[in-house]
Amino acid sequence: MYSLEFLEQLYRTIYTIRIFETECIRLYRQGLIIGYFHPYLGEEAIATGVCAALRPDDYIVSTHRGHGHCIARGGELPKMVAEVLGREAGYCRGRGGSMHIADISTGNIGANGIVGAGIPIGVGAGLGIHIRGGDQVVAVFFSDGACNNGVFAESLNLAAIWDLPVVFVLENNQYAVSSPIEEMSRVPDLHKRTEGYGVPAYLVDGNDVLAVYEKTSEAIGACRKGKGPVLIEAKTYRHGGHHVNDPGLYMPKDRLEYYKARDPVKLAREYLMQQGQCSEQHLAAIEQQVQEAMEQAVEFAKNSPEPSVEAFVKEVERN
Amino acid sequence: MSEKESTSGPCGIRQLKYREALNEALREEMRRDESVFVIGGGIGQRGGSYKVTVGLLDEFGPRRIIDAPISEASFTGAGVGAAITGMRPVVEILFIDFTSLIIDQIVNQAAKYRFMSGGKGRVPMVLRTQGGSGNGLAAQHSQSLEAWYYHVPGLKVVMPSTPYDAKGLLKSAIRDDDPVIFIEHKLLYLTEGPVPQDEYTIELGVGDIKHRGSDVTIVAWSNMVPRTLAAARKLAQEGIEAEVIDLRTLVPLDKEVILDSVRKTEHLVIVQEAVRRGGVASDIASIVQAEAFDFLDAPIEIVAGKNTPIPFNVHLETAAVPQEADIASAVRRVLHL
């Protein structure tokens, strides 16, 4: 049984991710956000559950679908919204955008526009820990799509032979952009691949925040003791296409409905109400606070200045 | 290291091989800074294919001298991740030809991280690799690919030609907060030169005039430097005084040392081993014509590799890249002799 306080924190995070993505999609439709924007809708329980099991001095490596990871790791909404709006006050001073948010202060090494590229980078963070001799761990988020990139196989092996403290978090949303996993892999249960590398693996319901939290806590415990890497495959499903402008017509309706019925935010709310004995009133207050925080973040970002072109040109002249 | 001591001169200057100078640089930086580590294929027990890392495993142990599987993309990526989180990795890729396997980690990750993170992130990593032809290693082990990395903003590119430069530049590269592509040359590892006993570093981005002259400027780097110096000595016998500039680093480029010399000699020859098309020499020529056009007495001559993969046959291989005679001919052409 979990405390109200803990369940409330989980819910606050998962709901914040939901609101952030929903609100940003609205801003995108208004033309305020441009470029690529990959919503984490439907996958929120994974980042929330994994990050709840981490210590402040641990690291995470994120993906192109990375807003949820950043928020779950304690990222600040005003800086995130400012970044996706391309403003100077954003995490990357408007130079990175949605696909490149990094927050060194929370150990978030960053999102990545190249599928799979973050996996070896996470292994490197683990290697650094191993050399220094600490007991930090690295949670590396990546997708089913990334599993078919060579660096996945290479990196699993590197982490295994050097006993690195890396938790590989495989967010299996069952699509590599638009290609279904059944067509891209003969064995859709991707965690089965780790056996040949000597890496223990677990399958978990990626829509169930407590299941993710529990399995990750167990994996991290082993990692911290120097037992080497672990892989967690969290099965989930996107609530839409690959990015904002992809309607996801290739996603079968019945399957989408099945996963929407198992909405991770709804499940987390039920945990909070039932296990946490949270009142309707208190729940409404939490949601209200999250919504207000997001409104303030949007207001802040909208009113914050664009990066100075002059300063940029001056900056790069030295290169 | 008794061999070194026996050759040490009265002022603490010893004759060291290029590879020994590199070894000293690694050793000194690893002693100085615990965050420095080396990772690559066969660098531990074996001491590296070109023996640059010999003895480091014994002194620093397997945690800091790491033999990696043939997973170039991932152990380079591991270098990037370690660098972001506070380490100073030296990643060794045995042949620059194999860096084709790590392009994403270098070009999309290491080079861009500082910029993409709004200047907050750092990737203090050195990629040590080795290129060039002349050993009969054929098309996939002999390329000169510096232009690839020269082209990408966010990377520094270092190409030393002497043991002295190799040591001082590698030490600076390791201390640099940005990713540095450090390109050695396979024909230089056994060359010898003076290296002081006392510690020194060489600032990145400072070219070196290896031979003074007033008639013509010849710009070169890496193994083209000794070849150019040999040509310069021959030209001196004909009464032509060539000034030979060793760029030492291509990024940052020491534009001033080139322009100052060209303003004096009014003639420029640029020598690169890499293929002619899309090379660094062309870029240097474009900079010089833009900034010192009025000083030039003749069109700039570029002596470069032919636009071909490096052939295996020794005669064909020799014909594919600039030789001493090609450099001397270009100098005579630019001087209308």
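Coordinates for the structure precede this section.
Rules behind the numbers
Residues numbered from 1 in each chain as written. Chains lettered and ligands numbered in written order. Predicted model: local features only at pLDDT ≥ 70, side-chain atom pairs only at ≥ 80, totals over all residues. Heavy atoms only, no water. Pairing = 2+ DSSP bridges. Helix = DSSP H or I, 4+ residues; strand = E, 2+ residues; numbered from the N terminus. Axes fitted to C-alpha atoms, helices over the stretch in contact; angles between N-to-C directions. Contact = heavy atoms within 4.5 Å. Salt bridge = Lys/Arg side-chain N within 4 Å of Asp/Glu carboxyl O. Buried < 20%, exposed > 50% of the residue type's maximum accessible area, 1.4 Å probe, protein only.

*Asks:* Describe the sheet that holds strand β2 (residues 138-143) of chain A, with residues and values.
*Replies:* Residue and element names in this part refer to chain A. An order of β1-β2-β3-β7-β6 is seen for the five strands of this open sheet, with the pairing classed as parallel. Whereas interior strands pair on both sides, the edge strands pair on one side only; in this sheet they are β1 (59-61) and β6 (201-205). Across the sheet, the mean angle separating the axes of adjacent strands is 20° when strand polarity is ignored. Two strands pair when backbone bridges link them, and strand β3 (residues 166-172) and strand β7 (residues 230-235) are joined in this way by six bridges, in the parallel orientation. Within the sheet, the bridge partner assigned to Asn-172 lies in β7 and is Lys-235. Here helix α2 (residues 44-52) sits on the sheet and contacts β1, β2, β3 and β7; the angle it forms with β2, its principal contact strand, is near 170°. Along the sheet face, helix α6 (residues 150-161) touches β2, β3 and β7 and points at about 150° away from the line of β3.

*Asks:* Account for the pattern of salt bridges, with residues named and values stated.
*Replies:* Enumeration over the complete set of coordinates arrives at 50 salt bridges over all chains. A salt bridge links Asp189(A) to Lys192(A); the shortest N-O distance between them is 3.6 Å. Residue classification places Asp189(A) among the partly exposed positions, given a relative accessible area of 23%. Close ionic contact of Arg269(A) with Glu287(A) constitutes a salt bridge, the shortest N to O distance being 3.3 Å. Taken together, the residues span a long stretch of sequence, with Arg269(A) in helix α10 (residues 264-274) and Glu287(A) in helix α11 (residues 280-303) at a distance of 18 residues. With a relative accessible area of 15%, Glu287(A) lands in the buried category. The network of salt bridges with shared partners includes Arg14(B), Glu24(B), Glu28(B), Glu29(B), Arg32(B), Lys167(B), Lys171(B), Arg175(B) and Glu199(B).

*Asks:* Can you lay out the sheet that holds strand β12 (residues 249-251) of chain B for me, pointing to particular residues and giving the numbers?
*Replies:* Residue and element names in this part refer to chain B. Within the open sheet, the seven strands sit side by side as β3-β2-β4-β5-β7-β6-β12. Their pairing is mixed. Only two strands of the sheet have a single neighbouring strand rather than two, namely β3 (65-67) and β12. Across the sheet, the axes of successive neighbouring strands diverge by a mean angle of 20°, strand direction being ignored. Where strand β6 (residues 156-158) lies against strand β7 (residues 180-185), three bridges are found, and the strand directions are parallel. Within the sheet, the bridge partner assigned to Val-158 lies in β7 and is Phe-182. Packed onto the sheet, helix α4 (residues 72-84) meets β2 (36-40), β4 (88-93) and β5 (126-131) and runs at close to 165° relative to β4.

Honestly, it's all geometry; don't read function into it.
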